[in-house]
Amino acid sequence: MSTPLIQAVQADFQQRFGYAPLLVRAPGRVNLIGEHTDYNAGFVLPAAVDKEMSFAVGLNGTEKIRLVAYDLGEDFELANAAEISPGATHWANYLLGVAAQFQLRGHAVSGFDCVFAGTVPMGAGMSSSAAVECGLAFALNHFLGTNLDKMELARIAQLAEHTYAGVQCGIMDQFASLFGREGHVVRLDCRSLDYEYFPFDTTACRIVLCNSGVKHSLASTAYNTRRQECERGVAVLQQHYPHIAALRDATLAQLEAHRDELGPTVFRRCAYVVQENTRVVEACRHLQAGDLAAFGQEMYASHAGLRDAYEVSCVELDVLVEAAKAAPGVFGSRMMGGGFGGCTINLVAPDKVAEFIASVSAAYREKFGMTLETYQTTIVGGVGAVSIDN
């Protein structure tokens, strides 16, 4: 199904480059619960949503890589596709990193053109960067005839972010963009990469995002520091419990037994991760039972842990969650994403959505003098090619 944005991207591509491109859509994602667990070999519960990146991509028969960020009105050109390296243009690195990963796997990358644009809000915790990476990975897989499966494309996109954007992210965001299924959330075991779909009934509950308006850049926040703190915790525990390879393997009792050795900060970080993994498993059980109220309580507990133990929230996000608790028809609310800004995710009864938005917007305006931006999202399928409607 085409959209005005994909049509605009196609038109810009053909005007610039003079030939017909492959059109691709790559969704952003929400994560209902399971935050900062992915790089700790734990569980997450994301879904692909209808805020997405649109691409027009084609091979140009030269050695050049020509990239166009349609929304920004900016372009980037590399003279020789065989000599890819990180560039000074920040947004281009997400795309160049993907092409470099194909090269590292022994696949020759020929010159290509790419125009992209999106409706994924930047810095809102909906993984616009993963959508950019996955969209191009899908297109290059098509053009290069590499026949890589979706999990390998997710790894390519993840490593592109590690090496060219400097964010040591887990695989959840890229996985969700590629493996999304309409009307379902998907629980991913970030160690084994096993996954299971759970139906999510949007007639009983709507997903509403509230954007704090606080922009975050994960590479310049404490994201990587949190990861290092978790690794320090594992190193301490391994001295006593050699089987512990990641916090996924640890228990609260083990953490408590070595609290002094871990130190107060590392103890809090590790305890949060262990508890959050349990919450994901319990939340899926509640979802299967159709108990949205119980599911929502897991979300509130998740936010409290992110705020107090993992310390990645901010005052704006905390105000939004408290305002949601006071609003009618809300099952649950929490901050979503890496933290330090971005969105809260809220599960709201369908007949209360308008009232919820009005109530939370008023509270936010009163506290910060800011107009609150909200998004109602639909759960959609993962990355795929698009045909223009005639």
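Being a predicted model, the structure only gives us computed values, none of them experimental.

Trainee: Can you tell me about the overall build of the chain, naming the residues and giving the values?
Mentor: For the chain, the helix and strand inventory stands at 12 helices and 13 strands. In terms of C-alpha radius of gyration, the chain reaches 21 Å, essentially the compact-globule figure of 21 Å for 390 residues. By its C-alpha atoms, the chain is 60 × 55 × 40 Å across when sized along the principal axes. In the chain, which comprises 390 residues, the share counted as buried stands at 60%. Counting contacts in the chain only where the partners sit at least 6 residues apart, residues at least 24 apart contribute 72% of the total.

Trainee: With reference to specific residues and values, describe the UniProt feature "domain: GHMP kinase C-terminal" (unreviewed entry) in the chain.
Mentor: Mapped onto this numbering, the UniProt entry annotates "domain: GHMP kinase C-terminal" (unreviewed entry) at residues 287–364. Taken end to end, residues 287–364 is 55% helix and 15% strand, and its two terminal C-alpha atoms sit 30 Å from one another.

Trainee: Please set out the packing of aromatic side chains residue by residue, giving values where relevant.
Mentor: Here the structure, examined in full by the defined rule, presents 10 aromatic pairs. Their ring planes at 85° and their centres at 5.8 Å tell us that tyrosine 195 and tyrosine 197 sit as a pair that is edge-to-face. On the basis of relative accessibility, which here comes to 19%, the residue tyrosine 197 falls in the buried class. By way of ring pairs, the aromatic residues Phe175, Phe179, Tyr195 and Tyr197 are connected into one cluster.

Trainee: Talk me through the sheet that holds strand β12 (residues 373–377); I want residue IDs and the actual numbers.
Mentor: An order of β10-β11-β9-β12 is seen for the four strands of this open sheet, with the pairing classed as antiparallel. The open sheet is flanked by β10 (330–335) and β12, the only strands paired with a single partner. In this sheet, neighbouring strand axes are inclined to one another by 20° on average, regardless of whether the strands run parallel or antiparallel. In terms of strand pairing, β10 meets strand β11 (residues 343–348) through five bridges, oriented antiparallel. In the strand pairing of β11, glycine 332 is matched with leucine 347. Helix α10 (residues 292–308) contacts β10 and β11 of the sheet and is inclined by roughly 25° relative to β10.

Trainee: Give a detailed account of the packing of helix α2 (residues 90–104) against helix α4 (residues 150–165), specifying residues and quantitative values.
Mentor: Axes are the key here: two packed helices are described by the angle between their axes and the distance separating the axes. At a minimum axis distance of 8 Å, the contact between α2 and α4 shows a crossing angle of 120°. With respect to their mutual orientation, α2 and α4 come out oblique. Considering how the two elements wind past one another, α2 and α4 form a crossing that is right-handed. Residues Asn93, Tyr94, Leu96, Gly97, Val98, Ala100, Gln101 and Phe102 of α2 form the contact with α4, whose own contacting residues are Leu153, Ile156, Leu159, Ala160, Glu161, Thr163, Tyr164 and Ala165. Grouping the amino acids of the contact of α2 with α4 by side-chain chemistry returns 11 nonpolar, four polar and one charged.

Trainee: Give a detailed account of unusual backbone geometry, specifying residues and quantitative values.
Mentor: Only a minority of non-glycine residues have a phi that is not negative, and only a minority of peptide bonds are not trans. Here the phi dihedral of leucine 193 falls at roughly 65°; this positive angle occurs in a residue that is not glycine. Tracing the sequence through the fold places leucine 193 in the loop between β7 (184–189) and β8 (195–199). Positive phi outside glycine occurs at phenylalanine 340, with the angle close to 60°. The class of phenylalanine 340 is partly exposed, set by a relative accessible area of 22%.

Trainee: Just give me the short version of the environment of phenylalanine 13, but keep the residues and values in it.
Mentor: Within the element layout of this structure, phenylalanine 13 appears in helix α1 (residues 4–17). On a C-alpha basis, the gap between phenylalanine 13 and isoleucine 65 in space is 14 Å, while along the polypeptide they are 52 residues apart. Once you skip the residues sitting within four places of it in the chain, phenylalanine 13 turns out to touch Gly18, Tyr19, Ala20, Pro21, Ala56, Val57, Gly58, Asp113, Cys114 and Val115.

Trainee: Break down the pattern of salt bridges for me, with residues and values.
Mentor: Pairing between side chains becomes possible if they bear opposite charge and their charged atoms approach one another. Across all of its chains, the model carries 22 salt bridges by this definition. Between arginine 269 and glutamate 229 there is a salt bridge whose closest N-O contact spans 2.8 Å. With arginine 269 in helix α9 (residues 264–288) and glutamate 229 in helix α6 (residues 223–238), this pair connects stretches of sequence that are 40 residues apart. Residue arginine 269 is classed as buried on the basis of its relative accessible area of 4%. Look at glutamate 229 and you get buried, because its relative accessible area is 7%. In this structure, the salt-bridge partner of arginine 269 is glutamate 311, at a minimum N-O distance of 2.8 Å.

Conventions adopted
Residues numbered from 1 in each chain as written. Predicted model: local features only at pLDDT ≥ 70, side-chain atom pairs only at ≥ 80, totals over all residues. Heavy atoms only, no water. Helix = DSSP H or I, 4+ residues; strand = E, 2+ residues; numbered from the N terminus. Rg over C-alpha atoms; globule rule 2.2 N^0.38 Å. Buried < 20%, exposed > 50% of the residue type's maximum accessible area, 1.4 Å probe, protein only. Contact = heavy atoms within 4.5 Å. UniProt positions renumbered as here; feature names shortened; annotations may be inferred. Phe/Tyr/Trp six-rings, centres within 6.5 Å; stacked < 30°, edge-to-face > 60°. Pairing = 2+ DSSP bridges. Axes fitted to C-alpha atoms, helices over the stretch in contact; angles between N-to-C directions. Parallel < 35°, antiparallel > 145°, perpendicular 65-115°, else oblique. Left-handed = near helix turned anticlockwise from the far one by under 90°. Nonpolar A, V, L, I, M, F, W, Y, C, P; charged D, E, K, R; others polar. Salt bridge = Lys/Arg side-chain N within 4 Å of Asp/Glu carboxyl O.

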